[in-house]
Amino acid sequence: MSLTRQDVDKIAHLARLQVTEQEMPVYVKSLSAIVDFVAELARVDTQDIAPMAHPLVGQHQRLRPDEITESDRHEQYQRNAPRVQAALYVVPRVIE
Amino acid sequence: MEWEVVIGLEIHAQLATRTKIFSGSATAYGAPPNTQANLVDLGYPGVLPVLNAEAVRMAVKFGLAVGASIAHRSVFARKNYFYPDLPKGYQISQFELPVVSGGTLSIMLEDGSTKTIGITRAHLEEDAGKSLHEGLASATGIDLNRAGTPLLEIVSEPDMRSAKEAVAYMKKMHTLVRYLEICDGNMQEGSFRCDANVSVRPKGQEKFGTRAELKNINSFRFVEKAIHYEVARQIDLIESGGKVVQETRLYDSDKGETRSMRSKEEANDYRYFPDPDLLPLEIEPAFIESVRDTLPELPDAKAARFAADYGLSAYDSGVLASSRELAAFFEEVVAAAGAANAKPAANWIMGDFSASLNRDALDLAAAPVSSAALAGLLHRIADNTISGKMAKDVFEIMWSEGSGADAVIQARGLTQITDTGAIEKAIDECMAANPKQLADYRAGKDKLFGFFVGQVMKATQGKANPAQLNELLKKKLG
């Protein structure tokens, strides 16, 4: 088992997911299996190979001209929001 | 124990593009909430970010201006954290391969010497939205107009040793990005802000102390105050047996203190990874050279030229070159008034002219005295039509009436008296009218010289040429 319960706790917290007591062993086991599977790659010698940021070798980012192409459609977008007030998206109070 | 302060700054400069870094939404400041936030900015599923060419050009321009190296290939990464003003749950930034690395910026210290501050890197990233708390009971309102605005994050080496140095660096960087026209530098609107990494160590120790990161400081004054407060806090803590913990702290400008931001502290695991939606950015050498051709004369070069060509002091040259507009104004005045008037031009611009701008809270562009008008005034001083003292009054009238020097001088009959005979006549009359003072002066009361200067000036309504008056008065009083 490559991941401990504490690891899963931390991952769940970072992803803002709640994991119940019953679910915990399942996640420890299945996430460990994924990590172990990917860890197979560690056996390949990559000493002289530059890391790739993307699988599309030889291609690079296309650039966009600095021109306004979007118009104001906030009323449409905000129909999907749970709560809106004065055109603001309203969320539970953020205290800093 | 003597302590040494170590400071590094991360400056966020909003790039002056028309549209966002990854979408075609406008970036204009002050638009009604959420009217400039489209599907890409809102983080809707299935959208694809496409990089703004202008943001890349501006980053390259900056890199060239600080002598940095421009990466042929750089990579965008996701910085993962949860906050309501970040709809995607990650910020697109650059991590391992930033577009700009290395470089330097030199600052002038109070004693007039210069110090070179290293620049670690500068990378492109997107800004977050804004959280608003007013007017909403127990809730927070989110305006995502700012989300996706391009930022250049400029990270310095921990090379600064005092709050003053940090301010000097921040000011110099502010000057530079405005020279380059890549950022409007408006600090009130948040276009230019900084985080400060602050630590202390016993003087002579090589190892850095544990640092605290002070977040989101948006004025030169606050950066100085926040650092002062934080340094005192850390020293107190260590001297009373405690330990500085590495954390993010918020500067509260109302209370003048820094305080821990616990909510972000535990989330400091950003799990950066390359953004699969964005291919690596490639920058060709030919493009870099084409940007190099557009670089303006930079502040240091301009200041050096002012000092060499016009014989100005390093300080004066630095002040005039600190803003591209001010430097251009100075050069216009010199062009109209002649190089011989460069020094008085510098003095007037930094003195009465700047003071009047400040007093009336005006931008240079709105100054009622144009460069040509100021040059006109300098001509009248140079040809002795008016004295330097009279010129101050003339300037005041020019400023309030928006008229030229000659018009003011003529309308008020302010022409200086340079006719030796006329001045001598006024002196004779004063001497005759004040026999007691004359006797006292001749008996050794040297201080009364000033009294006679004042009397003659009063008699001539301040128009006597001061240098001539002094000379003639000395001769006459004996």
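A.B. asks: Please clarify how the interface of chain B and chain A should be interpreted in this entry.
C.D. replies: The accessible area lost on association of the parts is a frequent measure of interface size. The interface of chain B with chain A comprises 56 residues on the first partner and 38 residues on the second. Of the roughly 4100 Å² buried between chain B and chain A on both sides combined, carbon and sulfur atoms contribute 57%. On inspection of chain B and its partner chain A, the count reaches one salt bridge. A salt bridge links Lys10 of chain A to Asp269 of chain B, with the nearest nitrogen and oxygen atoms 2.9 Å apart. Remark: the boundary between chain B and chain A carries 21 residue pairs in polar contact (both at pLDDT 80 or more). Residue assignment for the side of chain B that touches chain A shows that the elements contributing at least two residues are α1 (39-42), β2 (51-52), α2 (53-65), β11 (139-143) and β18 (281-282) of chain B. Examining the composition of the side of chain B that touches chain A, we find that five residues originate from one element, β11 of chain B, more than from any other. Class assignment of the residues belonging to the side of chain B that touches chain A gives a composition of 30 nonpolar, 15 polar and eleven charged. Two elements, strand β3 (residues 88-92) of chain A and β11 of chain B, share four bridges in a ladder whose sense is antiparallel.

A.B. asks: Would you mind showing me how to read the pattern of salt bridges here?
C.D. replies: Residues and elements named next belong to chain B. Summed over the entire model, instances satisfying the criterion amount to 36 salt bridges over all chains. For the salt bridge of Lys164 with Glu224, the shortest nitrogen-to-oxygen distance reads 3.5 Å. Separated by 60 residues along the polypeptide, Lys164 in helix α3 (residues 163-179) and Glu224 in helix α4 (residues 220-239) bring together distant segments of the chain. Residue Lys164 is classed as partly exposed on the basis of its relative accessible area, which comes to 45%.

A.B. asks: Which parts of the structure should I look at to understand the packing of aromatic side chains?
C.D. replies: Centre-to-centre distance and the angle between the planes together describe a pair of aromatic rings. All names here are of chain B. This model, assessed by the stated rule, comprises 15 aromatic pairs over all chains. With 5.9 Å between their ring centres and 65 degrees between their planes, Tyr81 and Tyr270 make a pair best called edge-to-face. Separated by 189 residues along the polypeptide, Tyr81 in the loop between β5 (77-80) and β6 (90-93) and Tyr270 in the loop between α5 (262-265) and β17 (273-274) bring together distant segments of the chain. The class of Tyr81 is buried, set by a relative accessible area of 16%. By relative accessible area, Tyr270 is classed as partly exposed at 21%. Geometrically, the ring pair formed by Phe329 and Phe353 is stacked, given 4.6 Å between the ring centres and 20 degrees between the ring planes. Highlighted residues: Phe329 in helix α9 (residues 324-337) and Phe353 in helix α10 (residues 342-359), separated in sequence by 24 residues. The pair formed by Phe329 and Phe353 is uniform in burial state, with each residue classed as buried. Through successive ring pairs, a cluster of aromatic residues spans Phe329, Trp348, Phe353, Phe395 and Trp399.

A.B. asks: Sorry, what's going on with the sheet that holds strand β2 (residues 84-85) of chain A here?
C.D. replies: Within a sheet, each strand pairs with its neighbour through backbone hydrogen bonds, oriented either parallel or antiparallel. Here four strands make up an open sheet; going across it, the order is β2(A)-β3(A)-β11(B)-β10(B) and the pairing antiparallel. Looking at strand neighbours, the two that pair on one side only are β2 of chain A together with β10 (130-132) of chain B, the edges of this open sheet.

A.B. asks: Just checking my understanding: could you explain the side chain of Asp66 of chain A for this structure?
C.D. replies: Following the sequence through the fold, Asp66 of chain A ends up in the loop between β1 (63-64) and α3 (74-78). Polar contacts involving the side chain of Asp66 of chain A include one to the main-chain amide nitrogen of Arg18 of chain B, which spans 2.8 Å. A polar contact is formed between the side chain of Asp66 of chain A and the side chain of Asn52 of chain B, at a distance of 3.0 Å. Ignoring anything within four residues of it in the chain, the contact list for Asp66 of chain A reads Thr17, Arg18, Thr19, Asn52 and Glu54 of chain B.

A.B. asks: Which parts of the structure should I look at to understand the side chain of Lys172 of chain B?
C.D. replies: Tracing the backbone through its elements, the reader meets Lys172 of chain B in helix α3. Within polar-contact distance, the side chain of Lys172 of chain B engages the side chain of Asp300 of chain B at 2.6 Å.

A.B. asks: What's the story with the domain arrangement of chain B in this structure? I'm lost.
C.D. replies: Residue and element names in this part refer to chain B. You can read the domains of chain B as domain 1 (3-286), domain 2 (300-403) and domain 3 (420-477). Here domain 1 and domain 2 have C-alpha centroids that lie 36 Å from each other. If you look at the interface, domain 1 gives seven residues, while domain 2 gives nine residues. Summing both partners gives a buried area of about 630 Å² for domain 1 against domain 2, and 42% of it is carried by carbon and sulfur. Of all residues in domain 1, Met108, Arg178 and Tyr179 bury the most surface against domain 2, accounting for 68% of the area lost on that side. Between Asp300 and Lys172 there is a salt bridge whose closest N-O contact spans 2.6 Å. Counting the contacts that link domain 1 with domain 2 gives five residue pairs in polar contact (both at pLDDT 80 or more). Elements with a contribution of two residues or more to the side of domain 1 that touches domain 2: β8 (104-108) and α3. It is α3 that contributes the most residues to the side of domain 1 that touches domain 2, four residues altogether. A per-class count over the side of domain 1 that touches domain 2 returns two nonpolar, two polar and three charged.

A.B. asks: Sorry if this is basic, but what is going on with the confidence of the model for chain B here?
C.D. replies: One rule of thumb: low pLDDT means the predicted coordinates there are not for detailed reading. Averaged over every residue, the pLDDT of chain B is 92; the share at 70 or more is 99%. Interface scoring of the predicted complex returns ipTM 0.91; its pTM is 0.85.

Each value, and the rule that gives it
Residues numbered from 1 in each chain as written. Chains lettered and ligands numbered in written order. Predicted model: local features only at pLDDT ≥ 70, side-chain atom pairs only at ≥ 80, totals over all residues. Heavy atoms only, no water. Contact = heavy atoms within 4.5 Å. Buried area = accessible area lost by both parts, 1.4 Å probe. Salt bridge = Lys/Arg side-chain N within 4 Å of Asp/Glu carboxyl O. Polar contact = N/O pair within 3.5 Å; in protein donor to acceptor, adjacent residues only side chain to side chain. Helix = DSSP H or I, 4+ residues; strand = E, 2+ residues; numbered from the N terminus. Nonpolar A, V, L, I, M, F, W, Y, C, P; charged D, E, K, R; others polar. Pairing = 2+ DSSP bridges. Buried < 20%, exposed > 50% of the residue type's maximum accessible area, 1.4 Å probe, protein only. Phe/Tyr/Trp six-rings, centres within 6.5 Å; stacked < 30°, edge-to-face > 60°. Domains from an automatic or database assignment. pLDDT = per-residue confidence, 0-100.

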